[in-house]
Amino acid sequence: MARILISSLGSGNKEAGEYKQAKYEIDGKVYKTPFIADALNQHIQYDKIFIVGTNKSIWDEAYTVFGGTDEKYHEELFEKKDKGSIKDVDLVKFNKILKNGSKSIIINYGLNDNELWFNFEKFLEIEKLIENGDEIFLDITHSFRSLSIMSFVMAQFSSTISNKNFKIKGLYYGMFEYSYENNGITPIVDIKLLLEIQEWIKAIDAIKKYSDFNPLVALLETAGIEKNVNNAFIQLNNTISMANMAAMKEFITNANKKITAIENSNNKIIALLSPEIKNIVEEL
């Protein structure tokens, strides 16, 4: 099992000849660096890092921040970045200073469908490098906002279609705008909740379209819902599969007691979607 960070690299801002740094805060600890990826890596210590950026991203500064010391190579990266001519082959040496198995990837700006598809395929290259049991952490702070959306969509796509068993453990955003009213400190916010909401939506959709309660059962179990409530839905799923009408009638008779536990759950997502679950039971 490996902990993997997938991070986007922006074009950066310079102040007095140096790239602007931020004071990133996570779990009460502050890290001063131009890159949230560096702050996250210092804090969590990833096994691999995949960095995604354009040919105008500040690969030169990233090379230095992540431990590169070859001044000639650093200058080459700066010149090519300035011209917008950096290619994947130019980053081979950069990749070597990253952790074993890490990789940097050049993508397009995403100005049209062709460029968006190109970027999509580049993200698929990352998915191929992920193994069973890996834990994925996404950083969507830097670069274009469209790239942040692409990262979010790819996380959903990969977790749905991949035959590999990996988990998305964090979806991070460095809230730099808030630093102006927070003594210059940029909080790193984990917005993985958005991905979790999507999983619940898919579970409800599976019931409505296919009468498949398996995704809901899995989510209820993860959310810590009482075992007897979860078992009731497992029984219902089996009942539907076998078309056992007598067992279905028994479930419906007792369902209201089970639904109450879901409606009163402390999990906000479950409470939000409980009317949908109740409606499905009422339709049955």
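Residues numbered from 1 in each chain as written. Predicted model: local features only at pLDDT ≥ 70, side-chain atom pairs only at ≥ 80, totals over all residues. Heavy atoms only, no water.

**Q** What am I meant to see in the pairing of strand β9 (residues 167-174) here?
**A** Residues in a regular strand point their side chains to alternate faces of the sheet. Counted residue by residue, β9 has 6 buried out of 8 residues, so it is predominantly covered. In terms of strand pairing, strand β8 (residues 135-139) meets β9 through 5 bridges, oriented parallel. When the bridges of β9 are listed, L138 appears paired with L171. Sheet topology note: the β9/strand β10 (residues 185-190) ladder contains 3 bridges and is antiparallel. Paired with Y173 across the strands is V189, a residue of β10. (Buried < 20%, exposed > 50% of the residue type's maximum accessible area, 1.4 Å probe, protein only. Helix = DSSP H or I, 4+ residues; strand = E, 2+ residues; numbered from the N terminus. Pairing = 2+ DSSP bridges.)

**Q** I tried to follow the packing of helix α7 (residues 193-210) against helix α11 (residues 268-283) on my own but got confused; where do I start?
**A** When two helices pack together, their arrangement is captured by the angle between the axes and the distance separating the axes. α11 packs onto α7 with a crossing angle of 5° between their chain directions and a minimal axis gap of 11 Å. The pairing of α7 with α11 is recorded here as roughly parallel in orientation. Residues L193, E196, I197, W200, I201, I204, I207 and K208 of α7 touch α11, and the partners they reach there are I269, I270, L273, E276, I277 and I280. (Axes fitted to C-alpha atoms, helices over the stretch in contact; angles between N-to-C directions. Parallel < 35°, antiparallel > 145°, perpendicular 65-115°, else oblique. Contact = heavy atoms within 4.5 Å.)

**Q** I tried to follow the environment of W200 on my own but got confused; where do I start?
**A** Mapped onto the secondary structure, W200 falls in helix α7. Among the residues examined, W200 registers a relative accessible area of 4% and is labelled buried. With 73 residues separating them in the primary sequence, W200 and L273 have C-alpha atoms 7.9 Å apart. With residues up to four places along the chain from it excluded, the contact list for W200 reads L216, L219, L220, A223, I269, I270 and L273.

**Q** I keep staring at the pattern of salt bridges and nothing clicks. Help me out?
**A** Charged atoms that come close allow side chains of opposite charge to pair. On inspection of all chains with the given rule, the structure shows 6 salt bridges. With its nearest N and O atoms 2.8 Å apart, the salt bridge here joins K80 to D90. Of the two residues, K80 is situated in helix α3 (residues 71-83) and D90 in the loop between α3 and α4 (92-97); the sequence distance between them amounts to 10 residues. Relative accessible area serves as the criterion here: at 15%, D90 is assigned to the buried category. Note that E125 is salt-bridged to K122, the shortest N-O span being 3.8 Å. Residue E125 and its partner K122 are both found in helix α5 (residues 113-128); the two are separated by 3 residues, about one turn of the helix. (Salt bridge = Lys/Arg side-chain N within 4 Å of Asp/Glu carboxyl O.)

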